[in-house]
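# Overview (structure and organization)
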Amino acid sequence: MDISFRWLSDYIAHGRSPDELAHALTMGGLEVESVTPRGPASEGVVIGHVNTVRAHPDADKLVLCDVDVGSNGPLQIVCGAPNVEAGQRVPVATVGTTLRMPDGDTRVPFTLEEVELRGEASQGMICSAHELELSDDHEGILVLPDDAPVGTPLADYLATQGLALTDYVLDIAITPNRPDAVSHIGVARDVAALTQHAVRRPDVDYPREDSDAPPFTVAVEAPDACPRYVGLRVTGITVEESPDWLKQRLTAVGLRPRNAVVDVTNYVMYECGQPLHAFDYDRLRGPAIRVRQAEGGESFTTLDHVARDVPAGTLLICDADKPVALAGIMGGANSEVTDSTTDLLIESAYFDPVTIRKAAKALQLATDSSYRFERGVDADGQVWAAFRAAALITELAGGTIDPDGFVDAHPRPQEPLILNLRVARVAHLLGTALPADTLTQILSALGFRVAAAGEGVLRCEVPLFRPDVRQEVDLIEEVARIYGYDQIPTPGHTRIPTHTPQALPSTMLRAQARTVLTGTGYREAFTNSMLRKETAERFNQPPLGGAKAGATVETLNPISREMAALRPTLLPGLLDVLQFNHNHGQEALHFFELGHVFRQDADGGSVVSGYAEHEALLVASSGPVGTTAWDQTPRSADVFDVKGVIEALLQELRVPDVAMTAVYEPTDVTQHHLTITAQGAPIGMIATLTADLTAAYDLEQEVCIAELDWAAIVALAAPHLERRPTPVQRYPVVERDLAVVVDAATPAGAMLDVIRATGAPLLKAADVFDVYQGEGIPEGQKSLAFTLRLGADRTLTDAEVDAQMEAIVKALRSTFDAELRR
């Protein structure tokens, strides 16, 4: 939400600089994301008088102007504007002035120097309104009134005309619960409370009752969707261009000026937050206004000349025969104001936020009006806004307000909410005692009506422009943010817990996993859980997701196509991370992510019936492993690197009975993979991605991944969380090597499991140190060599070690048909 600093200052004399005001608002709960200067520096731009205009001797489209700026004699300025004439008063940027010149969609600083253009000296520049950032008009130079004093700084002159050459735009991040802050007066209320100054709202005269015999009728047929509709007739206007001050205000907040009528409705909306619409009165049949809901099957052409199919339930503004506006969203082309319009009907209404939000979503049509109606406007501000706009229109476009042309249809009046605020409760929640006078001052400045209601209790009437305040704690929050969270003292003591809180097993295991993975060179990533539907469906296939496979979960009314479905796997997000880092010059791409994944589940559901959600862990590796040094060259990561990391992780977490089985079934996503099981149940997989997939993400090297069902791992590892220290070995450890010949397809991991089970309790460690196929080994077989470490709480004898080794060999022979290699 853009707020003009100078416009805001019309409503409150805060006495703060733009940066100081931005800080105060941010600390008070309205986060100012940026403060952007608008308009060039005022120094160096003066009013000049064009004495003569003569042809440039060497350019058909340029002229030479002799311009009097009040000092140092007339300046010769080369000008190419088509509207420059002798006798004009114009803004002149003298040599040394820095302007912010247009450069595409942005502006860049440009300092004027005396230059030669086609052989003629140019000692400055005659400026257009666009170059001065006063408006978007760049068709010619800005021509000032004939009484503009020559030599006067332009900023001083504009100030006398109600204009400002320099302004600042505050970009405020408005949260959905603060509809009152989407206007300059709304922000001014917060500033008033923060600075203890009063808001100056413009005085507007308006009647308290409808006209006795209005020339038009208003019938609200959907009172729940439209609790209030105000219509006001203005006659005898002439649609003209808006004055400069109005153009400048609208341009400052990002709006393009159109004509005096449309500009005034936009101005009042940004002033008080009430969206307005002006109909050409003579184009309304009846004349009548009907507010009804669409039945379905209707088509309507909006102001942007787009024919739209109107969903059933959409609120429509109609005349006696046809729809003329999508209520709260956009008007119709069949009743828009044109240059020939003489009479207006000004609409100022309160529409139900849910009704407008549904219609705007269904039509995929977001406007400034719908933005405000969706959040909730002031239910008591319609009449003021209508007469404020009418007064400005008659001031700028002539005409009169029809004294009989006022209708206030109010079928569902809203009563203000009354809340009691206990002074003691404020002290209890904030941790500091504030007197009732301070509470009254803060809440009154914010627009609440406050009165005493007994000892230590304040009766607060909530204004209708604050629909977010519904209970006592909301009042306390208002007090806290205005009083200042930084002003609330820190308690003088803290209660020391009698025992250390125990973290949940899932939290402890998550921390262990992060320690293992970051310790092996992986970085943690956090990605969005929503993605495109096409992407979700592409990755929603085995082996990704394992046993949790199911249909993709789509989102209702997605904000964009990029958020149309929930992720069935973490892989798409992590591939985006790899792509981003690769495109920014990173070669070693080693990342992991812990997050939730979602699928449909016809057999039940984890949280919501029919939908399964579980936590998953994804590890991805690509590019060089290790560092480049004088004595080594890093190699590219492969599936065995990921396998080793997963083995180390599962071992650290003490997941029991882990086994890995190779599966050679290529898919659109993976070339081949390893299925990981624990106690016979699948818990994940390790895979290499296809070349087509990696190429689609601009990745030049092989990408290897591992995906684990983290919920299943937590269930398996939680019973083994308790750790006991292992005493230092006091007696010698015996090391023995064992080499056996087995079938080439025999997995080493399964053999290690048998070795460890058979060798317990004397066997302390067992690892593979060599794999060999070739000369001396029969075809179709391989040699696996293991190193074994045996020990006990005594010195082992050779006989004990030999017996243990013999038992291990016998177990390998019976289980894997292994033969001892001689």
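Per chain, residues are indexed from 1 in the order of the written sequence. Totals for whole chains, interfaces and linings use every residue, but because this is a predicted model, local features are given only for residues with pLDDT of at least 70 and side-chain atom pairs only at 80 or more, for both listing and counting. Just so you know, side-chain values use all the structure's heavy atoms and leave hydrogens and water out.

### Digging into the overall build of the chain
Counted only if it meets this: Secondary structure follows DSSP: runs of H or I at least 4 residues long count as helices, runs of E at least 2 residues long count as strands, and numbering of each begins at the N terminus. The quantity called the radius of gyration is restricted to C-alpha atoms. Its globule counterpart is 2.2 Å times the number of residues to the power 0.38. Here the term buried applies to any residue with accessible area under 20% of the maximum for its type, exposed to any over 50%, and partly exposed to those in between, with areas from a 1.4 Å probe on protein chains only. Every residue pair with non-hydrogen atoms within 4.5 Å of one another is taken to be in contact. Charge counting follows a simple rule: Lys and Arg are positive, Asp and Glu are negative, and His as well as the terminal groups are ignored. Note that the charge is assigned to NZ on lysines, CZ on arginines, CG on aspartates and CD on glutamates.
Of regular secondary structure, the chain possesses 20 helices and 41 strands. Its C-alpha radius of gyration of 38 Å places the chain more than 25% over the 28 Å reference for a compact globule of 822 residues. C-alpha atoms of the chain, sized along the principal axes, occupy 115 × 80 × 65 Å. Within the chain, buried positions represent 47% of all 822 residues. Excluding contacts between residues fewer than 6 apart, the proportion of contacts in the chain whose partners are at least 24 apart in sequence is 70%. Where the 67 positive side-chain charges of the chain centre and where its 115 negative ones centre are 7 Å apart.

### A few points about the pairing of strand S4 (residues 63–68)
What counts here: Pairing between strands is defined by DSSP: at least two bridges between the two strands are required.
Where strand S3 (residues 45–55) lies against S4, six bridges are found, and the strand directions are antiparallel. In the strand pairing of S4, His49 is matched with Asp68. Of the strand pairs in this sheet, S4 and strand S5 (residues 75–79) are connected by five bridges, and their pairing is antiparallel. Looking at the pairing, Val63 lines up with Cys79 of S5. The turn joining S4 and S5, which pair antiparallel and follow one another in sequence, is formed by six residues; a positive phi near 90 degrees is taken by Gly70.

### Observations concerning the environment of Val204
Residue position: Val204 is located in the loop between helix H4 (184–195) and strand S13 (217–220). With relative accessibility at 15%, the residue Val204 sits in the buried group. When neighbours within four sequence positions are excluded, Val204 is seen to be in contact with Trp384, Phe387 and Arg388.

### Some details on the sheet that holds S13
The strand order across the open sheet formed by five strands is S13-S16-S19-S20-S21, and the pairing between neighbours is mixed. Two strands close off the open sheet at either side, each with one partner strand: S13 and strand S21 (330–331). The sheet contact formed by S13 and strand S16 (residues 288–293) spans four bridges and is parallel. Within S16, the residue paired with Val220 across the bridge is Val291.

### Examining the domain arrangement of the chain
Interface size, as often reported, equals the accessible area lost upon joining of the parts. How we decide: An automatic or database domain assignment supplies the residue ranges for each domain.
The domain architecture assigned to the chain consists of domain 1 (2–39 + 167–195), domain 2 (45–160), domain 3 (217–409), domain 4 (418–483), domain 5 (505–720) and domain 6 (734–820). Each of domain 2 and domain 3 has a C-alpha centre, and the two are 40 Å apart.

### What to know about the nonpolar core
Quick reminder of the rule: In these notes, a set of buried Ala, Val, Leu, Ile, Met, Phe, Trp, Tyr and Cys residues joined through side-chain atoms within 4.5 Å is what counts as a nonpolar core.
With 56 residues, the main nonpolar core has Leu25 and Ile172 as its most contacted residues. Looking at this core, the element that brings in the most residues is helix H9 (residues 382–397), giving eleven residues. Residue assignment places this core across two domains, with domain 1 (2–39 + 167–195) and domain 3 (217–409) each supplying three or more. Those residues in contact with Ile172, other than ones at most four positions away along the chain, are Met1, Ile3, Leu25, Leu30, Glu31, Val32 and Val187. If you look at the next biggest cluster of nonpolar residues, it comprises 39 residues, including Ile289, Leu326, Ile329 and Tyr350.

### Quick word on the packing of aromatic side chains
Aromatic ring pairs are described here by two measures, namely the spacing of the ring centres and the angle between the planes. Rules: Two rings from Phe, Tyr or Trp (for Trp, the six-membered ring) form a pair when their centres are within 6.5 Å of each other. A pair whose planes differ by under 30 degrees is stacked, one over 60 is edge-to-face, and the rest are tilted. Here, a charge over a ring means that NZ of Lys or CZ of Arg falls within 6 Å of the ring centre while also lying within 35 degrees of the ring normal.
Evaluated as defined, the whole model comprises seven aromatic pairs. Geometrically, the ring pair formed by Phe216 and Tyr281 is edge-to-face, given 6.3 Å between the ring centres and 75 degrees between the ring planes. Here Phe216 is found in the loop between H4 and S13, whereas its partner Tyr281 is found in the loop between strand S15 (276–280) and S16, with 65 residues between them in sequence. Neither Phe216 nor Tyr281 differs from the other in exposure class; each is buried. Looking at Arg189, its charged tip hangs above the ring of Phe465, at a distance of 3.7 Å from the centre. Sitting over the ring of Tyr281, Arg233 keeps its end group 4.4 Å from the ring centre.

### Thoughts on the pairing of strand S40 (residues 781–790)
Judged by how many residues are buried, S40 sits mostly within the fold: seven of ten residues are covered. Pairing of strand S38 (residues 734–743) with S40, which is carried by ten bridges, proceeds in the antiparallel orientation. Paired with Arg736 across the bridge in S40 is Leu788. Taken together, the eight bridges between strand S39 (residues 763–772) and S40 define a ladder with antiparallel strand orientation. If you follow Ala766 over to S40, its bridge partner there is Leu788.

### Things to note about the side chain of Thr314
The test is simple: Identification of polar contacts relies on pairs of N or O atoms within 3.5 Å, with a donor-acceptor requirement for protein atoms, meaning one able to donate a hydrogen and the other able to accept it, and with residues adjacent in sequence counted only if both atoms are side-chain atoms.
Inspection of the secondary structure puts Thr314 in the loop between strand S18 (307–310) and strand S19 (315–318). What makes Thr314 buried here is its relative accessible area of 3%. At 2.9 Å, the side chain of Thr314 forms a polar contact with the backbone oxygen of Pro311. In this structure, Thr314 is in contact with Arg292, Gln293, Ala294, Leu326, Ala359 and Leu363, ignoring residues within four places of it in sequence.

### Some details on unusual backbone geometry
With an omega dihedral of -15 degrees, the bond running from Gly286 to Pro287 counts as a cis peptide bond. Among the secondary structure elements, Pro287 is positioned in the loop between S15 and S16. Between Ala760 and the following residue, Pro761, the backbone shows a cis peptide bond with an omega angle of 5 degrees. Note that Pro761 resides in the loop between helix H19 (748–759) and S39. At Asp817, a residue that is not glycine, the phi angle is positive and equals roughly 55 degrees. Tracing the sequence through the fold places Asp817 in the loop between helix H20 (798–816) and strand S41 (819–820). Its relative accessible area of 57% is what places Asp817 among the exposed residues.

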